[in-house]
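Residues per chain are reported as follows:
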Amino acid sequence: DGGITQSPKYLFRKEGQNVTLSCEQNLNHDAMYWYRQDPGQGLRLIYYSQIVNDFQKGDIAEGYSVSREKKESFPLTVTSAQKNPTAFYLCASSIGQAYSNTDAFFGHGTRLTVV
Amino acid sequence: RKEVEQDPGPFNVPEGATVAFNCTYSNSASQSFFWYRQDCRKEPKLLMSVYSSGNEDGRFTAQLNRASQYISLLIRDSKLSDSATYLCVVSHYTGGFKTIFGAGTRLFVKA
């Protein structure tokens, strides 16, 4: 089945640790995105990538890093510099080509908690 | 100014009511428009695309006004199951499509 997979579903991090959230898609989509959602709040864009080996900062990139070495994969690292990382993290992908249907598909999300 | 802005609500309506959400976007070059629905603690899912001519899907009607740069979603005969957060989504092309999500409008439908 085609889709977008995030892992793990739940993640606990100690203060000062870096953690990496996985996002894999087999939809052959060019564009991938990471969003953060806090309780009762909307989505905020962390990073996005429109093509392999290229990515851009979103609205709240500080304390996060990403890589896009393969089309299928867009991992997000939450570094120790991110002071308030507890949130729901959503990865999405879309076709990304001009004049195509560009609605985005989401993974089920990762809930990160700092302990 | 945010690229996509929505009234966060919440909107509290009784069953059977008609409710409308508006969303404004700042990039006049935006090309694709969508409404997504997000249930509590779940990922957003596509509700419907929005076309220039307007489109309807059952009790849901979406409209686009390019001149004023806003899109709207109308829900008629609200059901309890419509309670969710509705996200406005806009895409534009900058060498690849960039998709921007609004913060969402929360809807509570009560019996």
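Let me begin by describing the structure that accompanies this report. (Residues numbered from 1 in each chain as written. Chains lettered and ligands numbered in written order. Predicted model: local features only at pLDDT ≥ 70, side-chain atom pairs only at ≥ 80, totals over all residues. Heavy atoms only, no water.)

1. Quick look at the overall build of chain A
At step 1: Helix and strand counts for chain A come out as zero helices and eleven strands.
At step 2: In chain A, the succession of helices and strands from N to C terminus is β-β-β-β-β-β-β-β-β-β-β.
At step 3: Relative to the compact-globule value of 13 Å for 115 residues, chain A shows a C-alpha radius of gyration of 13 Å, a close match.
At step 4: With the C-alpha coordinates of chain A rotated into their principal frame, the extents come out at 45 × 25 × 25 Å.
At step 5: Counted over contacts in chain A with a minimum sequence separation of 6, partners at least 24 positions apart contribute 53%.
At step 6: Summing over all exposed atoms, chain A offers an accessible surface of approximately 5600 Å²; the carbon and sulfur share of this is 48%.
At step 7: Distance from the positive charge centre (11 side chains) to the negative charge centre (11 side chains) of chain A: 8 Å. (Helix = DSSP H or I, 4+ residues; strand = E, 2+ residues; numbered from the N terminus. Rg over C-alpha atoms; globule rule 2.2 N^0.38 Å. Contact = heavy atoms within 4.5 Å. Areas by Shrake-Rupley, 256 points an atom, 1.4 Å probe, with all protein chains shown as cover. Lys, Arg positive; Asp, Glu negative; His and termini not counted. Charge placed at Lys NZ, Arg CZ, Asp CG, Glu CD.)

2. Looking at the interface of chain B and chain A
At step 1: If you look at the interface, chain B gives 23 residues, while chain A gives 27 residues.
At step 2: On inspection of chain B and its partner chain A, the count reaches zero salt bridges.
At step 3: At the surface where chain B touches chain A, the tally comes to five residue pairs in polar contact (both at pLDDT 80 or more).
At step 4: Looking at the side of chain B that touches chain A, the elements that each hand over two or more residues are β4 (32-38), β9 (84-93) and β10 (97-101) of chain B.
At step 5: With five residues, the single largest contributor to the side of chain B that touches chain A is β10 of chain B.
At step 6: By residue class, the composition of the side of chain B that touches chain A is ten nonpolar, eight polar and five charged. (Salt bridge = Lys/Arg side-chain N within 4 Å of Asp/Glu carboxyl O. Polar contact = N/O pair within 3.5 Å; in protein donor to acceptor, adjacent residues only side chain to side chain. Nonpolar A, V, L, I, M, F, W, Y, C, P; charged D, E, K, R; others polar.)

3. Let's talk about the layout of surface pockets
At step 1: Its boundaries defined by the atoms lining it, the largest pocket holds a volume of some 950 Å³.
At step 2: What lines the largest pocket is a set of 40 residues, and nearest its centre among them are Gln-37, Asp-38, Gly-40, Gln-41 and Gly-42 of chain A.
At step 3: Elements with a contribution of two residues or more to the lining of the largest pocket: β4 (31-37), β5 (43-51), β9 (87-94) and β11 (110-114) of chain A together with β9, β10 and β11 (105-110) of chain B.
At step 4: Residues belonging to the lining of the largest pocket are distributed by class as follows: 18 nonpolar, twelve polar and ten charged.
At step 5: In terms of lining, the second largest pocket is formed by Lys-9, Tyr-10, Phe-88, His-108, Gly-109, Thr-110 and Arg-111 of chain A together with Arg-41, Lys-42 and Glu-43 of chain B.
At step 6: Looking at the lining of the second largest pocket, its residues break down into two nonpolar, three polar and five charged. (1 Å grid on protein atoms, 1.4 Å probe; cavity = no way out; pocket = protein on both sides within 12 Å on 5 of 7 lines; lining within 4 Å. Points joined across faces, edges and corners; volume = space filled by probe spheres on them.)

4. Some details on the state of the cysteines
A disulfide bridge is the covalent bond that connects two cysteines by way of their sulfur atoms.
All names here are of chain A.
At step 1: Applying the stated rule across the entire model yields two disulfides over all chains.
At step 2: Across a sulfur-sulfur distance of 1.9 Å, Cys-23 and Cys-91 are joined as a disulfide pair. For the disulfide bridge between Cys-23 and Cys-91, the dihedral angle about the S-S bond is near -75 degrees, and by the sign convention the bridge is left-handed. Pair noted here: Cys-23 is in strand β3 (residues 19-25) and Cys-91 is in strand β9, with a separation of 68 residues, a long-range link. (Disulfide = S-S within 2.5 Å.)

5. Some remarks on the pattern of salt bridges
At step 1: On inspection of all chains with the given rule, the structure shows seven salt bridges over all chains.
At step 2: Here Asp-77 of chain B ties to Lys-79 of chain B by a salt bridge, and the two come within 2.9 Å at their closest N and O atoms.
At step 3: Overall, Asp-77 of chain B belongs to the partly exposed group, its relative accessible area being 36%.
At step 4: The network of salt bridges with shared partners includes Arg-36, Asp-38 and Arg-44 of chain A. (Buried < 20%, exposed > 50% of the residue type's maximum accessible area, 1.4 Å probe, protein only.)

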